[in-house]
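Chain residues, written in single-letter form:
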Amino acid sequence: MKKARIFLLVICGLLMTGCTSNKDSQIVNVLNWSSYIPDEVIKDFEKETGIKVNYGTYSSNEELLAKVSSSKEGTYDVVFPSDYMVELMIGKNMLEEMDISQLVNYENIDEVFLNQSYDENNKYSLPFLLATSVIAYNSENIPKITDYKDLLNPAYKNDIVLLDDERITIGAFLQALRYDINDYDDSHLEEAYNFYNQMKDNVKAFDSDSPKSFLITNETNIGILWNAEAILAQDHNSKIKIVYPKSGYALSMDNYVIVKGANHIENAYKFIDYLLRDDVCQKIIDDYPYISTNKNTSNYSEEELKNILSNGSYIKNVSENIKKFDRLWAKMK
Amino acid sequence: MNKKHSIEKYLFTIPVIIYSLLLILLPLLYVLLISFFKSDSYGGMIYTFTLSNYIEIFNITYVRIFLKSIGIALITTTICLFIAYPFAISLMSKKETTRNLLIKLVMVPFLTNSLIRTYGWIVLLRKNGIINSALIGTGIINSPLSLMYNNIGIIIGMVYTLLPFMILPVYSAVSKVDTSLIEASYDLGASKIKTFTKVYLPLTISGAFNGSLMVFIPAIGYFFITDILGGGKIMIIGNLIKNQFLTARNWPFGAAISIFLIIMTLLLVRIYKQLGGKMDDLGGM
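Just so it is clear, the model here is predicted, and its values are computed rather than measured.

Q: Let's hear about the overall build of chain B: which residues, and what values?
A: Helices and strands together make up the secondary structure of chain B, namely 13 helices and two strands. Judged by the C-alpha coordinates and their principal axes, chain B covers about 75 × 70 × 35 Å. The proportion of buried residues among the 285 residues of chain B is 32%. Considering only residue pairs separated by 6 or more positions, chain B has 71% of its internal contacts joining residues 24 or more positions apart.

In structure tokens:
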């Protein structure tokens with residue numbers, strides 16, 4: 001019963017915050033990935049503009065979709081879906097069109113990141129940060145690795161951590177076999193399964209929350225993980241090397257979008273514009289070293305960025321074929 | 001007088017009734033309903049009746065996950081029983097104050113979130129963790145033991161998290177056993193083991209079954225333990241359901257597995273009742 005009471009209290013609290021937030025117009029309701037923007041940036045924005053940020057987080061695109069589609073229209077103003085989720089939300093008519101004339105700092109966006117396949121003319125979205133999957137390994141204990149097939153070496157028993165994400169991880173196996181990351185052909189998926197079976201004894205764990213900890217604590221010497229995680233691991237141990245696998249890797253672009261029916265559109269633009277500023281962007285990538293889409297704070301050359309974009313692939317919505325990935329994932333575990 | 005009493009009764013039970021209807025019954029009915037729908041490609045639902053979600057459960061891949069989950073849950077339950085009985089019986093010979101203190105200590109972990117406690121185990125169990133460092137430091141072993149990211153880690157986590165649910169009902173049953181019966185057993189020359197199997201066990205079997213239910217059922221669903229201590233390499237029913245609602249965006253199938261799990265649970269409760277267990281014992285301790 002105690003639990004029930006606490007639960008009711010929480011519900012009341014939630015309802016109450018919902019009430020107050022609708023009255024006050026000097027606010028913006030933001031829903032973002034957990035650990036993506038430093039708290040400091042939000043506080044500075046509030047101080048500078050006097051706009052209060054109601055900041056919520058999610059840990060997967062699906063959770064974002066569930067949150068937005070199950071809440072009343074106007075609950076959220078700015079959210080940060082990844083590529084395929086932008087496409088899906090456009091398809092479901094959930095997004096407002098992006099009016100770039102409202103954004104003074106629009107010019108800071110590097111053009112290489114515009115006009116991507118999921119939103120051809122950036123009608124609804126603007127790029128925020130780019131994540132890519134990479135292989136990271138401890139060069140002290142492991143000789144040079146260039147591609148996924150190197151991970152099949154029986155010497156690396158129990159020495160690999162993979163992302164606990166069915167699309168990225170199965171996608172990596174598909175790419176290792178020179179298939180497209182979004183391929184859902186049954187026989188190709190079966191081959192991907194066999195590829196995993198060859199690697200199985202080397203895999204220590206699947207982890208999406210903090211795979212870098214595995215490398216930092218020497219729990220494993222090799223990992224397939226997000227670039228920012230790999231860079232943070234490298235900060236701890238300079239012996240850790242980062243490789244963009246030769247046969248391809250996953251790209252995941254997170255984007256600014258404004259949710260259809262948002263109540264604070266003006267503030268939403270102010271918030272996005274603030275994040276587009278050079279100094280703000282620098283603060284964000286200092287803490288979360290993903291690839292910046294701001295050309296003035298870029299930590300990669302134009303040439304490198306072009307390479308990264310052209311050799312990687314976006315995860316696309318494969319509609320009901322996701323069930324095939326899910327069944328394979330269940331079979332792997 | 002009687003009428004007033006019943007008004008009071010309703011007054012105090014209405015919040016509970018509303019609570020159960022709104023927050024337990026309605027969501028359950030909703031889960032039952034959507035388990036008969038089809039899923040569309042965007043993670044939504046198509047409102048046509050189908051049994052395909054239930055048929056899908058019998059796909060060999062999923063049957064294997066069910067069997068694996070049941071296996072893990074059975075091992076967890078057995079280990080919990082083997083720890084709980086000696087603990088409960090040894091408590092009986094303690095002074096009442098010590099006994100109460102020890103039982104309170106069993107409940108102390110409930111004060112902290114179980115997720116955080118599970119993360120705590122990583123520090124102990126990992127390759128360079130406290131246990132391995134201590135064992136290597138004292139020269140007992142040469143290379144680190146694999147204590148987590150495998151079945152061992154999962155079992156450790158499950159037993160640790162669920163043990164109080166076994167100890168409490170077993171203790172409550174054991175404490176009701178008349179000590180003169182135990183003394184009589186010893187007086188008649190029975191050994192400790194014989195006293196346990198012939199006196200304690202038959203008198204406390206409902207407590208043991210009660211505890212087993214409370215351990216077995218959550219052990220099938222505690223996906224965070226397999227995720228954290230099993231390194232996400234092993235999937236139990238809990239993970240499978242979670243995946244359907246998140247990554248696979250297949251709510252109807254997730255709902256169907258949930259309903260299937262509820263039916264399994266109800267069957268177990270039925271067996272419990274048939275063995276003479278009381279429903280009241282399942283609720284309060």
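Q: Please set out the overall build of chain A residue by residue, giving values where relevant.
A: Helices and strands together make up the secondary structure of chain A, namely twelve helices and eleven strands. Computed over the C-alpha atoms, the radius of gyration of chain A is 21 Å, within 12% of the 20 Å expected from 2.2 N^0.38 for a compact globule of 333 residues. Summarising its shape, the C-alpha atoms of chain A cover approximately 60 × 55 × 40 Å along the three principal directions. The buried share of chain A, reckoned over its 333 residues, is 43%.

Q: Any details on the domain arrangement of chain A? Residues and values, ideally.
A: Residue and element names in this part refer to chain A. Partitioning chain A into domains gives domain 1 (25-128 + 253-298) and domain 2 (131-250 + 313-332). With centres defined by C-alpha atoms, the gap from domain 1 to domain 2 works out at 28 Å. Broken down by element, the side of domain 1 that touches domain 2 gets its largest block of residues, four residues, from helix α4 (residues 83-91). Looking at the side of domain 1 that touches domain 2, its residues break down into seven nonpolar, one polar and two charged.

Q: Describe the confidence of the model for chain B, listing the residues and the values that go with them.
A: On average, residues of chain B score 90 in pLDDT, and 94% of them reach the 70 mark or higher. Reported confidences for the modelled complex are a pTM of 0.83 and an ipTM of 0.82.

Q: An account of the pairing of strand β4 (residues 125-138) of chain A is requested, with residue identities and associated values reported.
A: Residues and elements named next belong to chain A. Taking burial as the measure, the 14 residues of β4 include 13 buried ones, the bulk of the element. In this structure, β4 lies alongside strand β9 (residues 249-258), joined through seven bridges in antiparallel fashion. In the sheet register, Pro127 faces β9, and the bridge partner there is Asn255. Bridge count between β4 and strand β10 (residues 291-292): two bridges; the pairing is antiparallel.

Q: Explain the confidence of the model for chain A to me, and be specific about the residues and the numbers.
A: Residues of chain A with pLDDT of at least 70 account for 93%, and the chain-wide mean is 90. Ignoring residues within four places in sequence, the model shows residues 12-23 of chain A, a span with pLDDT below 50, making three contacts including any to other chains.

Q: Lay out the interface of chain A and chain B in plain terms, naming residues and giving numbers.
A: Listed as interface residues are 26 residues of chain A and, on the opposing side, 23 residues of chain B. For the side of chain A that touches chain B, the secondary structure elements donating two or more residues are α3 (61-70), β6 (203-206) and α12 (322-332) of chain A. Here the element with the most residues in the side of chain A that touches chain B is α12(A); it accounts for six residues. Split into classes, the residues belonging to the side of chain A that touches chain B amount to eight nonpolar, four polar and 14 charged.

Q: Account for the pairing of strand β1 (residues 27-33) of chain A, naming residues and giving values.
A: Residue and element names in this part refer to chain A. With respect to burial, β1 is a largely interior element, five of its seven residues being buried. Note: β1 against strand β2 (residues 52-58), seven bridges, orientation parallel. Bridge pairing in β2 links Val30 to Tyr55. Taken together, β1, helix α2 (residues 39-49) and β2 form a β-α-β motif whose crossover is right-handed.

Q: Requested: an account of the environment of A:Ser213, with residues and values cited.
A: All names here are of chain A. Positionally, Ser213 belongs in helix α7 (residues 211-216). With 19 C-beta atoms packed within 10 Å, Ser213 lands in the partly exposed category. Separated by 19 residues in sequence, Ser213 and Leu232 place their C-alpha atoms 9.6 Å apart.

Q: Tell me what's going on with the packing of helix α5 (residues 114-125) of chain B against helix α7 (residues 151-174) of chain B, and back it up with residues and numbers.
A: Relative orientation and spacing of two packed helices are given, respectively, by the angle between their axes and the distance between those axes. Residue and element names in this part refer to chain B. Interhelical geometry of α5 versus α7 gives an angle of 135 degrees and a closest axis separation of 11 Å. Between α5 and α7, the angle falls in the class oblique. When you trace α5 past α7, the crossing you get is right-handed. Along its contact with α5, which presents Ser114, Thr118, Trp121 and Leu125, the element α7 presents Gly153, Ile156, Gly157 and Thr161. Among the residues making up the contact of α5 with α7, the classes are represented as three nonpolar, five polar and no charged.

Criteria and cut-off values
Residues numbered from 1 in each chain as written. Chains lettered and ligands numbered in written order. Predicted model: local features only at pLDDT ≥ 70, side-chain atom pairs only at ≥ 80, totals over all residues. Helix = DSSP H or I, 4+ residues; strand = E, 2+ residues; numbered from the N terminus. Buried ≥ 20, exposed ≤ 12 C-beta atoms within 10 Å, placed from the backbone. Contact = placed C-beta atoms within 7 Å. Rg over C-alpha atoms; globule rule 2.2 N^0.38 Å. Domains from an automatic or database assignment. Nonpolar A, V, L, I, M, F, W, Y, C, P; charged D, E, K, R; others polar. pLDDT = per-residue confidence, 0-100. Pairing = 2+ DSSP bridges. Right-handed = clockwise from strand over helix to strand, strands pointing away. Axes fitted to C-alpha atoms, helices over the stretch in contact; angles between N-to-C directions. Parallel < 35°, antiparallel > 145°, perpendicular 65-115°, else oblique. Left-handed = near helix turned anticlockwise from the far one by under 90°.

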